[in-house]
Amino acid sequence: MTALLVLEDGRVFEGTPYGAVGETFGEMVFNTGMTGYQETLTDPSYHRQIVAMTAPHIGNTGVNDEDPESRRVWVAGYVVREPSRIPSNWRSRRTLDDYLREQGVVGIAMSGTRALTRHLRERGAMRAGVFSEGGDVAELVERVRRSPGMEGADLAREVSTPEPYVVPARGRKRFTVAAVDLGIKAMTPERMAERGCEVHVLPATAGAADILALGPDGVFFSNGPGDPAAAGYAVESLREVLDASVPFFGICFGNQILGRALGLGTYKLRYGHRGVNQPVQDRRTGKVEISAHNHGFAVRAPLDGPFETPYGAAEVSHVNLNDDCVEGLRLLDRPAFSVQYHPEAAAGPHDAAYLFDEFCEIMNKKGAKGA
Amino acid sequence: MPKRTDIRSVMVIGSGPIVIGQACEFDYSGTQACRVLRSEGFRVVLVNSNPATIMTDPEFADATYVEPITPDIVEKIIAKERPDALLPTLGGQTALNTAVALHEAGVLTKYGVELIGADIDAIQAGENRERFKEIVAKVAAEHGLNAESARSAICHTMDDCLRAAGELGYPVVVRPSFTMGGAGSGFAHDEEELRRIAGAGLDASPTTEVLLEESILGWKEYELEVMRDRADNVVIVCSIENIDPMGVHTGDSVTVAPALTLTDREYQNMRDVAIAVIREVGVDTGGCNIQFAVDPATGRMIVIEMNPRVSRSSALASKATGFPIAKIAAKLAIGYTLDEIPNDITKETPASFEPSLDYIVVKVPRFAFEKFAGADETLTTHMKSVGEAMAIGRSFPEALQKALRSLEKKGSSFTWAGETGDLDALLEACRRPHDGRLRTMQQAIRAGATPEQVHEATSVDPWFVDQLFAIDEVARSITALDRPTLETAKRHGFSDAQIAEILGVAEAEVRSARYELGLRPVYNTVDTCAAEFAARTPYLYSTYDEETEVPVGDRPKVIILGSGPNRIGQGIEFDYACVHASFELAKAGYETVMVNCNPETVSTDYDTSDRLYFEPLTLEDVLEVVHAEQETGPVAGVVVQLGGQTPLGLAQALKDAGVPVVGTSPEAIHLAEDRGAFGRVLAEAGLTAPKHGTATTVDEARAVAEEIGYPVLVRPSYVLGGAGMAIVYDEDTLATYMSRAASEHPVLIDRFLDDAIEIDVDALFDGEELYLGGVMEHIEEAGIHSGDSACALPPITLGGYDIKRIRAATEAIARGVGVRGLLNVQYALAANVLYVLEANPRASRTVPFVSKATAVPLAKAAARLTMGATIAELRAEGMLPDGYDGGTLPLDAPVAVKEAVLPFNRFRGVDTVLGPEMRSTGEVMGIDEFFGTAYAKSQSAAYGALPTKGRAFVSVANKDKRAAIFPVKALADLGFEILATEGTAEVLRRNGVRARIVRKQSEGTGPGGEPTIVRRILDGEVDLIVNTPFGSPGQSGPRLDGYEIRTAAVNRGIACITTVQGLAAAVQGIQHIVRGDIDVCSLQEHARRLRD
């Protein structure tokens, strides 16, 4: 059986069906991580995206019970070159193929993953469809073109937890954190909990009142899918949080929300950053951290020095050395900062884990001042 | 942090001769470092005793010292050149150890030389196992990481070892401290083995220290390549996974990059540990590697070791990822930080990132056990391979099969022809790690093994075992030459030859079927970023995938075929020639294209040529590269004569396929290689070859030998590097040889010229004019493979008349054969008759040596001749000297001595006597005003300094006794106490040399407990051994005595001279050392003197 991957610009790749059989639509993106497919699949930020893995052999370590980053697989479709025939790892519980089928994820195994990546690099991320059983190409292209795009899509609400829940602090509780789930990954509250935070995870639509009602030491906005321009509700909540001068930390989508709350614009990158090898420079120290990325949008902010915002002066704290993309924002007069990349990693290197310590520090300082 | 401005000159130390465990990867790293330092405006002072390296070409440093890498010589160079800094991390363990020795001797402080890129304390912390263990425990606890060290004990005596082994339980691993390539290490399964291995290990370690540790045999093994800058930015360049589990040295393992059987959590834990460890160790800047073992059942992770320097794996990682570790390490050492250095390949992104691979890299080792009869072929923690090949593919099967065929060794690739043999026997064979174990596993699979059985027998991860099953399934599905079949087979890396073998058709038939279907490989770029950014540096590999990425060029292209994996007889010298051709032809306006598969080399640096194809050197793979290049522009020529026998073997087939082979034509090559045809060339020129004949049976051989007279040189007719050659002195031995020789090819029998002087000549010929590059006189007599003999240039005993004859003969051969470019001829001079032994119309092993000794770039000149230039033109350009050549060197020209380096310390139990079969892995050069000093330097560079006092043991064959008297007398005059066996002692005494008689091994310990000579050697009572062999191999008596003496010498690392000529040279050398007139002189100074 010949499966097809059809792009909206008419480019078509042939392959064999992988995972669930059927058809699926989404934004076509590629991920360059060589490890961590299980984390990638379950990262809510990939909601409505068809993810192609540039690493050729996928599924080698099977699927275990410990590594998922959320309750389900979120990718809309999965494109790999060489699906593993067997899993081999002491923690593996099932094969990736079975897992994808169980989760209803339509995939395709095809030799042209590099050609696809080069195409997306040149033409930008675009809509695509995977069709396990093939079909008439002209008609499939038409259907892909009719599928919804990513710009203007409000998706955080779709992936967010419907009900609040609490991740208890490990060891002695030091802080209460209100974490707004815009597509949060399991490792994020985990990283806070291991630093003594009791993390109250709230739905995406939580208003400032809901957030502040917890009397948090700090507020956190997570990563998540979709266009930040379509998440005005989150921007509103954050503004009130900033007004209240509660320490704030944001990751990824949370960084874009902070940017918009500060009056900065956001824009769609041509093909985004998705991988675990991106060099980000901390502009205060000059140090470079190798970081995990998953973003298709970015904040537009001046790189040449501090700038004014309704909340006082702010600056770009981190920048991507590959393309000078804004990777972090920081208010200079208030305890608020955010980064565009993933200090919680999972998948990816742990170089940026210090940012959770910094979050704890500003909560600590604020607490000391408040007391 | 920008470049440092407080240092102006930097000394770089190379790694010396190519030996097992330290090969041309350090030429690659050192060359990169020198290029970086010079382009950054530093004055570079280089020390390396290995003339075959590219780094020692005068153009790569301001002052190049081809001198022994010993602390005293390096100190002399420091005193003379006064460098501001010393960069010791790019020359392997040799450079690092030398730097530590210089530091400890106070030399660095004395001359105000700053160590850069390394920190003495960090070197010691990384290499001192006890301290390293503490570091691992500390970082694991501080950062909450899964990391431990194997339970172990440090031992300084045999008693310590026995006690520790009792506590740890057998088997235990023995690892000596401060040795390279795992020398002296091994597994001890019982007390007897422990005594043997730990004893040797204690000896091998400069600190008389070994580590005994718990066995982690069968665990998964990984390695990370790490870079750190002075701002403490750290990146992991590459992860490498060993397919052979723990128990086999990484250098001997089949390895894959990136690691394929780790989850992100496990990989990140490993990464965190690596970074925390190098921070804790305090690695200054630059590259280092760190090795891990993982328990496949529980994930328990052990940190095995780290090297605070660029290593063999760094070279592999650089080629595997496109991230040039040595180059970046050099930049970091002079002050840059990673974010300040651009990624060469993308140009737009910085070096402070971690490469992402969208392909699989497989490295396979190449062994040479066939050269070392009696060597233990089991792979252990003691490295035994002599080279490696790497291949890149878009899947593991594709990369693996490409890598196996890159080995160019019969029986390396998987096969589905013939009988598999018994399944149980195959599985049993798989239990013992050996050269070609993957193929044994593949045969077991063919014979019906289950995945569980294969895994159980080998402990190879089930994922890799399954991939072998996948390959087997594809092989079984090959039943016709249709598109789906061929497509699947090609994507799994099957060669046309393999498919042909399976189908029982000709390879050409598969190829034409494939062409008709339009099924050809595409070429993908190694771009460091999995296609996320556009790549600017064309570094390509073939794969059966979607899109080709070969750029369109505008200049005529020249394709240079490299020499493949290093092996004995074909090593770095050929890479040297290829690299020089590439540099020179680029200068001459060509677009240069390199094809090679050896990750250790300079030729496979993406900076060397305009385009690099990392590809096997088989006919199929080369034809595809040529095709791909022709698709994008005109190919002016394919150069086959610089990469040794590998490309030469393809010449005719390439030409037949319509490929424009330039230089000496395939027909001319044939003329030189075919006995009959070459005989006619010689006859026409009035030249003499030793009498010879061929035979296929014992009787025929007897008759031939009878006619031409003993001794005779016998060899199979289709061999490389002297494989299977022997010198036979009598009929019985001849019969034994013939009965062992394979019967399908006839055996060549030559008159062996006893006592002849052997002469090697490298020359250039343009069709009209001959340029005699150099005439080398062997120090050992004829009969020892030219690659294994020491030689001197200019020849030390030949007169003007001899040189004239040699010139005329060389020119006649060049003209008769039809050479365009390089020609190497071997002559023997006996009883004033000049015999032609053989001629090779290609670059030879000695080209780099001759180039350095005479300050003329022969390989570059050859490349130009190949493309049509003439010698007259090159003289006019100044590339070749005007008015003289290597045959007419001025009388005051320096004398250069080349000495071969042999790997006997790796193959205990192998006889060290030299013979017609080449066994050396590398070479060194000693250069000085006088022969004696040059020879002493060569010995010191190869084996450690010659002794100047103490006891010399002499035992020589009867035929050598007369010639030995004078040099032995000289030794006695120098103050040596002479020990000798009875027969030799008698002759010496009669000639007035006081010699003490010692007991032979065969005589046993004396009645009064007098030890035999072997005992004395083992007890360290002897400083110099002179032992020329006699009798036939395999016999008892004198021959066996000699063998045991030489083995003891290897075990103790004592200088052991096996020819009288070598003895005479050594005596001259010792006299010079005693006189204390050993000075240092750079190649640039020598060249100035020669040219003035």
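What you see is a predicted model; the values in this text were computed from it and never measured. (Residues numbered from 1 in each chain as written. Chains lettered and ligands numbered in written order. Predicted model: local features only at pLDDT ≥ 70, side-chain atom pairs only at ≥ 80, totals over all residues.)

**Some remarks on the overall build of chain B**
Okay, step 1: The helix and strand inventory of chain B stands at 38 helices and 39 strands.
Okay, step 2: Taken across its 1092 residues, chain B has 61% of its residues classed as buried.
Okay, step 3: When contacts within chain B are restricted to residue pairs at least 6 apart in sequence, those whose partners lie at least 24 apart make up 70%. (Helix = DSSP H or I, 4+ residues; strand = E, 2+ residues; numbered from the N terminus. Buried ≥ 20, exposed ≤ 12 C-beta atoms within 10 Å, placed from the backbone. Contact = placed C-beta atoms within 7 Å.)

**Quick notes on the overall build of chain A**
Okay, step 1: Within chain A, the secondary structure is distributed over 10 helices and 20 strands.
Okay, step 2: The C-alpha radius of gyration computed for chain A amounts to 20 Å, which stays within 12% of the reference 21 Å derived for 371 residues, consistent with globular compactness.
Okay, step 3: By principal-axis analysis of the C-alpha atoms, chain A measures approximately 70 × 45 × 35 Å.
Okay, step 4: A burial count over chain A gives 61% of its 371 residues as buried.
Okay, step 5: Of all intrachain contacts in chain A linking residues separated by at least 6 positions in sequence, the fraction that spans at least 24 positions is 75%. (Rg over C-alpha atoms; globule rule 2.2 N^0.38 Å.)

**A short note on the UniProt feature "binding site: Mn(2+) 3" (unreviewed entry) in chain B**
Residue and element names in this part refer to chain B.
Okay, step 1: Within this numbering scheme, the UniProt entry marks Gln 826 and Glu 838 as carrying the feature "binding site: Mn(2+) 3" (unreviewed entry).
Okay, step 2: Take Gln 826: it is sitting in strand S31 (residues 821–830).
Okay, step 3: Residue classification places Gln 826 among the partly exposed residues on the basis of 19 C-beta atoms within 10 Å.
Okay, step 4: With sequence-adjacent residues up to four places away left out, Gln 826 is seen in contact with Glu 758, Asp 760, Ser 786, Leu 837 and Glu 838.
Okay, step 5: Positionally, Glu 838 belongs in strand S32 (residues 833–840).
Okay, step 6: According to the C-beta neighbour criterion, Glu 838 is partly exposed, with 15 such atoms within 10 Å. (UniProt positions renumbered as here; feature names shortened; annotations may be inferred.)

**Re the UniProt feature "binding site: L-glutamine" (unreviewed entry) in chain A**
Residue and element names in this part refer to chain A.
Okay, step 1: In the numbering adopted here, UniProt assigns the feature "binding site: L-glutamine" (unreviewed entry) to Ser 45, Gly 224, Gly 226, Phe 253, Gln 256, Asn 294, Gly 296 and Phe 297. Considering the C-alpha atoms alone, the annotated residues occupy 253 residues of sequence yet fold into one spot, their largest mutual distance being 13.3 Å.
Okay, step 2: Mapped onto the secondary structure, Gly 224 falls in the loop between strand S13 (218–221) and helix H8 (232–243).
Okay, step 3: Overall, Gly 224 belongs to the buried group, with 31 C-beta atoms counted inside 10 Å.
Okay, step 4: In this view, Gly 224 contacts Pro 44, Ser 45, Ala 156, Val 159, Leu 182, Gly 183 and Phe 253; residues no more than four positions away in its chain are not counted.
Okay, step 5: Within the secondary structure, Phe 253 is located in helix H9 (residues 253–261).
Okay, step 6: Looking at Phe 253, the number of C-beta atoms within 10 Å reads 33, which means it is buried.
Okay, step 7: Those residues within four positions of Phe 253 in sequence are excluded, and the remaining contacts are Ala 156, Leu 182, Gly 183, Ser 222, Asn 223, Gly 224 and Pro 228.

**Looking at the UniProt feature "domain: Carbamoyl-phosphate synthase small subunit N-terminal" (unreviewed entry) in chain A**
Okay, step 1: Feature annotation in UniProt places "domain: Carbamoyl-phosphate synthase small subunit N-terminal" (unreviewed entry) on residues 1–131 of chain A, given in this structure's numbering.
Okay, step 2: The span residues 1–131 of chain A shows a helical share of 18% and a strand share of 34%, and its end C-alpha atoms are spaced 11 Å apart.

**Quick notes on the UniProt feature "binding site: Mg(2+) 1" (unreviewed entry) in chain B**
Residue and element names in this part refer to chain B.
Okay, step 1: Under the feature "binding site: Mg(2+) 1" (unreviewed entry), the UniProt entry names Gln 291 and Glu 305.
Okay, step 2: If you trace the backbone, Gln 291 turns up in strand S13 (residues 286–294).
Okay, step 3: Among the residues examined, Gln 291 registers 20 C-beta atoms within 10 Å and is labelled buried.
Okay, step 4: Apart from the residues within four sequence positions on either side, Gln 291 is in contact with Glu 221, Glu 223, Thr 250, Ile 304 and Glu 305.
Okay, step 5: In this fold, Glu 305 is placed in strand S14 (residues 301–307).
Okay, step 6: Residue classification places Glu 305 among the partly exposed residues on the basis of 17 C-beta atoms within 10 Å.

**A short note on the pairing of S14 of chain B**
Residues and elements named next belong to chain B.
Okay, step 1: In terms of residue burial, S14 counts as a mostly covered element, since 6 of its 7 residues are buried.
Okay, step 2: One ladder, built from 6 bridges, connects S13 with S14; its direction is antiparallel. Bridging across to S14, Ile 290 finds its partner in Met 306.
Okay, step 3: Joining the antiparallel neighbours S13 and S14 is a turn of 6 residues, in which Gly 299 adopts a positive phi near 85 degrees. (Pairing = 2+ DSSP bridges.)

**Let's talk about the sheet that holds strand S4 (residues 85–87) of chain B**
Residue and element names in this part refer to chain B.
Okay, step 1: Spatially, the 5 strands line up as an open sheet ordered S3-S2-S1-S4-S5, and their pairing is parallel. Edge positions in the open sheet fall to strand S3 (63–65) and strand S5 (114–115), since each of these has one partner strand only.
Okay, step 2: Examined bridge by bridge, S4 and S5 share 2 bridges and lie parallel to one another. In the sheet register, Leu 86 faces S5, and the bridge partner there is Leu 115.

**With respect to the interface of chain B and chain A**
How big an interface is tends to be reported as the loss of accessible area on association of its parts.
Okay, step 1: With 48 residues of chain B in contact, the opposing surface of chain A contributes 41 residues.
Okay, step 2: For the side of chain B that touches chain A, the secondary-structure elements that each account for two or more residues are helix H9 (264–281) and helix H16 (462–477) of chain B.

**Describing the domain arrangement of chain A**
Residue and element names in this part refer to chain A.
Okay, step 1: By the assigned domains, chain A splits into domain 1 (3–146) and domain 2 (156–370).
Okay, step 2: For domain 1 and domain 2, the distance between their C-alpha centroids amounts to 28 Å.
Okay, step 3: Between domain 1 and domain 2, the residue contacts involve 23 residues of the former and 22 residues of the latter.
Okay, step 4: Listed by contribution, the elements that provide at least two residues to the side of domain 1 that touches domain 2 are strand S3 (23–31), helix H1 (37–41) and helix H3 (113–123). (Domains from an automatic or database assignment.)

**Notes on the nonpolar core**
Okay, step 1: In terms of nonpolar packing, the biggest core is built from 458 residues, with Val 79 of chain A together with Val 277, Ile 559, Val 638, Val 639, Ile 978 and Ile 1025 of chain B touching the most fellow members.
Okay, step 2: Split by domain, the residues of this core number at least three in each of domain 1 (3–146) and domain 2 (156–370) of chain A.
Okay, step 3: In contact with Ile 559 of chain B, other than residues within four places in its own chain, are Val 593, Val 595, Val 625, Val 626, Glu 629, Val 635, Val 638 and Val 639 of chain B.
Okay, step 4: Core analysis: the next-biggest nonpolar cluster, separate from the first, contains 16 residues, Cys 155, Ala 164, Ala 165 and Ala 188 of chain B among them. (Core = buried A, V, L, I, M, F, W, Y, C linked by C-beta atoms within 7 Å.)

**Comments concerning the packing of helix H33 (residues 958–973) of chain B against helix H34 (residues 982–990) of chain B**
Residue and element names in this part refer to chain B.
Okay, step 1: One can describe the packing of H33 onto H34 by two numbers: an axis separation of 10 Å at closest approach and a directional angle of 60 degrees. One way to sum up the angle between H33 and H34 is to call them oblique. For the element pair H33 and H34, the recorded crossing hand is right-handed. Each of Lys 961, Ile 965 and Val 968 in H33 lies in contact with H34, whose residues at this interface are Thr 984, Val 987 and Leu 988. (Axes fitted to C-alpha atoms, helices over the stretch in contact; angles between N-to-C directions. Parallel < 35°, antiparallel > 145°, perpendicular 65-115°, else oblique. Left-handed = near helix turned anticlockwise from the far one by under 90°.)

**Some thoughts on the environment of Val 113 of chain B**
All names here are of chain B.
Okay, step 1: Topologically, Val 113 is positioned in the loop between helix H4 (107–110) and S5.
Okay, step 2: The spacing of Val 113 and Met 11 is 102 residues in sequence and 9.1 Å in space, taken between C-alpha atoms.
Okay, step 3: For Val 113, the contacting residues outside a window of four places in its chain are Ile 78, Pro 83, Asp 84, Ala 85, Leu 86 and Leu 108.

**What to know about the pairing of strand S8 (residues 106–109) of chain A**
Residue and element names in this part refer to chain A.
Okay, step 1: Here S8 shows two buried faces, one formed by Val 106 and Ile 108 and the other by Gly 107 and Ala 109.
Okay, step 2: The pairing of strand S2 (residues 12–19) with S8 spans 4 bridges and is antiparallel. Residue pairing in the sheet places Pro 17 in a bridge with Ile 108 of S8.

**Structural notes on the environment of Val 130 of chain A**
Residue and element names in this part refer to chain A.
Okay, step 1: Here Val 130 is to be found in strand S9 (residues 126–131).
Okay, step 2: Spatially, the C-alpha atoms of Val 130 and Val 79 are 8.7 Å apart, while their sequence positions differ by 51 residues.
Okay, step 3: Setting aside its immediate chain neighbours within four residues, Val 130 contacts Ala 3, Leu 5, Glu 23, Thr 24, Ile 50, Gly 77, Val 106, Gly 107 and Ile 108.

**Some words on the sheet that holds strand S34 (residues 922–928) of chain B**
Residue and element names in this part refer to chain B.
Okay, step 1: Judged by pairing direction, the sheet is antiparallel, and its 7 strands sit side by side in the order S32-S31-S28-S29-S30-S33-S34 without closing on themselves. Looking along the sheet, the strands with just one partner apiece sit at the ends: S32 and S34. Mean inter-strand twist for the sheet, computed between neighbouring axes without regard to direction, equals 25 degrees.
Okay, step 2: Strand direction decides the pairing type here: strand S33 (residues 895–901) and S34, joined by 7 bridges, are antiparallel. Its bridge partner lying in S34, Val 895 is registered against Asp 928.

**Things to note about the environment of Arg 845 of chain B**
Residue and element names in this part refer to chain B.
Okay, step 1: On the secondary structure map, Arg 845 appears in the loop between S32 and helix H29 (847–854).
Okay, step 2: It is 41 Å that separates the C-alpha atoms of Arg 845 and Arg 999, two residues lying 154 residues apart in sequence.
Okay, step 3: When near neighbours in sequence (up to four residues on either side) are disregarded, Arg 845 contacts Glu 573 and Gly 787.

**Some thoughts on unusual backbone geometry**
Okay, step 1: Following Tyr 710 of chain B, the chain continues to Pro 711 of chain B via a peptide bond in cis, the omega torsion being -5 degrees.
Okay, step 2: You can see Pro 711 of chain B is positioned in the loop between helix H26 (698–708) and strand S25 (712–716).
Okay, step 3: Omega for the peptide link from Leu 793 of chain B to Pro 794 of chain B comes to -5 degrees, which places this bond in the cis form.
Okay, step 4: Of note, Pro 794 of chain B is situated in the loop between strand S30 (791–793) and helix H28 (800–817).
Okay, step 5: Its identity is not glycine, yet Ala 346 of chain A carries a phi of approximately 55 degrees, on the positive side.
Okay, step 6: Residue classification places Ala 346 of chain A among the buried residues on the basis of 26 C-beta atoms within 10 Å.

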